[in-house]
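What the coordinates show
Take a look at the letters that make up each chain.
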Amino acid sequence: MTGYRPRIRYHLLFIGMIILMILTPVTGSPWGGADQDTAPAWGTPLSGGEGVRSHPGQDPESSIPARVESGSRLYAPASLLVWFDPRSDTLPMRTHAVIGSRTIHDYSAEGAPGLELVEPPDKMTVEQAVEYYGNQPGVLYAEPDYYRFASRIPSDPDFWRQWGLSNTGQVYREGTPAGTSGADINAIPAWDAGTGGETIVAVLDSGVDYLHPDLISSIIGDPVNGTAGYDAITGDLEAMDLGSHGTHCAGTIGAVGENGLGISGINWQTRILPVRFLNSFGRGTVSDGIEAILWATGHGAEIISCSYGGTTYSRAEYEVMKRADALFICAAGNSANNNDITPFYPCSLDIPNIISVAATDSSDNLADFSNYGGTSVDIAAPGVDIYSTKHNTYT
């Protein structure tokens, strides 16, 4: 593609390569940027544009977008995120009482002191509530509870199909042309050195089919008895996939290798932590995403797969991800946009513990649907016609 040159020629399956390489738990805070002793306190107001990769045409300080895309809202209609100064225990209650709003969820005990999901009174719109809270003393900022959407995985329907791992120029799927030899991630030579380790990878998505025979032994929890991961939508300690998107990602990351079944994931010994915050239609809110991140990092996640996003900037999402002791692998998006001009979040957040990944095809070209960006996208990896696990099957 003219004008596009990925900084590293690899890609969505690069998630797995990172997992394969990182065999020991993350220590200290190598991904967290500033040292904890010098980093600003939770909720410290950010300077204009901080945390966003350079992108002309959008002001990250604008709390509510002026437009609504595709005729639908970009944020939940009856909730907003408010970050209070955590030094005052009574401030939230007093501020809510004036207008009759209520706290839906307080994230303080989960590691984000002062952050609340708030329901405004019936007579008040989200826009009015954002303005009200934004003008109150002791409120660091308020913003709508933006939606996040699953990034598309082409739904074309065992090892010979996995061209992204080993591409010899084979016809990997019926009715498709042969790929280009070598347009892969060189998984086989990597497996000669080692087939991975028990790195904990959280799949933040639509859930994971934790009973899938190619995944069950990699799932953290007790899948047989229905305890596996966390559902940030319902609060349940199980995250069964209702949309297959998360299961597809999980198979690419860690389907068990050499077990005589279906496919091989990149890391054959990884530990998968299913965390659901996208519904069966592939939509979720930033507030549920934040809860999912805090739960995942609180339960040992070292790498977090984020195959979702949206075009609206969230300061709350930025702060939570910036301070997480984990590495985020984020989809660059699937709208064929230049992320340098039209950011896609969270991948466009400018923090050191995010790797933004575009998609390539079996001829090593940028996928026609993939977003890209010379400064906002870090790498590219196989992402077209990827054969992986699906709910109860493969596709």
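Since this is a predicted model, take the numbers as computed values, not measurements.

Details of the overall build of the protein chain
When helices and strands are tallied, the protein chain shows seven helices and 15 strands. Every one of the 395 residues in the protein chain was classed for burial, and the buried ones make up 56%. Total accessible area on the protein chain stands at roughly 16000 Å², and carbon and sulfur atoms take up 53% of it.

Digging into the pattern of salt bridges
Pairs can form between side chains of opposite charge whenever their charged atoms are close. In this structure the tally under the stated criterion is five salt bridges. Close ionic contact of Arg87 with Asp85 constitutes a salt bridge, the shortest N to O distance being 2.7 Å. Take Arg87: its relative accessible area is 76%, and that puts it in the exposed class. Given a relative accessible area of 16%, Asp85 falls into the buried group. Put simply, Asp231 and Arg276 hold a salt bridge, and the shortest N to O gap is 2.7 Å. You can see Asp231 sitting in strand β6 (residues 230-231) and its partner Arg276 sitting in strand β7 (residues 271-276), a full 45 residues away along the chain. Judged by its relative accessible area of 7%, Arg276 falls in the buried class.

Overview of the state of the cysteines
Taken as a whole and judged by the stated rule, the model has zero disulfides. For the unlinked cysteine Cys306, the closest cysteine sulfur is that of Cys330, found at 4.3 Å. You can call Cys306 buried: its relative accessible area is 1%.

Some thoughts on the confidence of the model for the protein chain
Across the protein chain, the average pLDDT comes to 83, with 80% of residues at 70 or higher. Predicted confidence for residues 1-49 stays below pLDDT 50, and this span has 128 contacts to residues more than four positions away or in other chains. Every residue in residues 54-72 is under pLDDT 50, and counting partners more than four places away or in other chains gives 39 contacts.

Focus on the packing of helix α6 (residues 286-298) against helix α7 (residues 315-323)
Between α6 and α7, the least distance of the axes is 10 Å, while the angle of their chain directions is 10 degrees. With respect to α7, the axis of α6 lies roughly parallel. Facing Val286, Ile290, Ile293 and Leu294 of α6, the residues of α7 in contact are Ala316, Glu317, Val320 and Met321. Looking at the contact of α6 with α7 residue by residue, the classes come out as seven nonpolar, no polar and one charged.

Observations concerning helix α2 (residues 91-99)
Those residues of α2 that sit buried are Leu91, Pro92, Thr95, His96 and Ile99. Around the axis of α2, the buried residues are gathered within 120 degrees of arc, so they sit on the same side. Facing away from the buried side of α2 by more than 90 degrees, the exposed set consists of Met93, Ala97 and Val98. Structurally, α2 contributes buried residues whose contacts are with β1 (75-84), β2 (102-106), β3 (115-119), α3 (126-134) and β4 (139-150).

Concerning the environment of Thr176
With respect to the helices and strands, the residue Thr176 is situated in the loop between β4 and α4 (187-193). Of the residues examined, Thr176 reaches a relative accessible area of 14% and is grouped as buried. Residues Thr176 and Asp385, spaced 209 residues apart in sequence, show a C-alpha to C-alpha distance of 9.6 Å. In this structure the side chain of Thr176 is engaged in a polar contact, spanning 2.6 Å, whose partner is the backbone oxygen of Arg173.

A word on the sheet that holds strand β13 (residues 379-382)
Ordered in space as β6-β7-β5-β9-β11-β12-β13, the seven strands form an open sheet in which the pairing is parallel. This sheet does not close on itself; its edge strands, each paired only once, are β6 and β13. Here strand β12 (residues 354-360) pairs with β13 via four bridges, running parallel. Bridge pairing in β13 links Ala359 to Ala381. Packed on one face of the sheet, helix α5 (residues 245-254) meets β5 (200-205), β7 and β9 (303-306) and runs near 155 degrees to β5.

What to know about the nonpolar core
One finds Tyr133, Leu204, Ile290, Ile304 and Phe328 to be the most contacted residues of the largest nonpolar core, which totals 59 residues. Ranked by the residues each element gives to this core, the list is headed by α6, at seven residues. Residues contacting Tyr133, with those up to four places away along its chain left out, are Leu80, Val82, Phe84, Thr95, His96, Ile99, Ser101, Val118, Val139 and Ala142. Counting 23 residues, the second largest nonpolar core, distinct from the first, contains Val208, Cys249, Ile253 and Ile379.

A word on unusual backbone geometry
Leave glycine aside and you will find that most residues have negative phi; peptide bonds, for their part, are mostly trans. Here the amide bond leading from Tyr345 into Pro346 is cis, since omega sits at 15 degrees, within 30 degrees of zero. If you trace the backbone, Pro346 turns up in the loop between β11 (327-331) and β12. A positive phi angle is found at Glu258, which is not glycine, with a value near 55 degrees. Tracing the sequence through the fold places Glu258 in the loop between α5 and β7.

Scoring rules and cut-offs
Residues numbered from 1 in each chain as written. Predicted model: local features only at pLDDT ≥ 70, side-chain atom pairs only at ≥ 80, totals over all residues. Heavy atoms only, no water. Helix = DSSP H or I, 4+ residues; strand = E, 2+ residues; numbered from the N terminus. Buried < 20%, exposed > 50% of the residue type's maximum accessible area, 1.4 Å probe, protein only. Areas by Shrake-Rupley, 256 points an atom, 1.4 Å probe, with all protein chains shown as cover. Salt bridge = Lys/Arg side-chain N within 4 Å of Asp/Glu carboxyl O. Disulfide = S-S within 2.5 Å. pLDDT = per-residue confidence, 0-100. Contact = heavy atoms within 4.5 Å. Axes fitted to C-alpha atoms, helices over the stretch in contact; angles between N-to-C directions. Parallel < 35°, antiparallel > 145°, perpendicular 65-115°, else oblique. Nonpolar A, V, L, I, M, F, W, Y, C, P; charged D, E, K, R; others polar. Arc of directions from axis to C-beta. Polar contact = N/O pair within 3.5 Å; in protein donor to acceptor, adjacent residues only side chain to side chain. Pairing = 2+ DSSP bridges. Core = buried A, V, L, I, M, F, W, Y, C linked by side-chain atoms within 4.5 Å.

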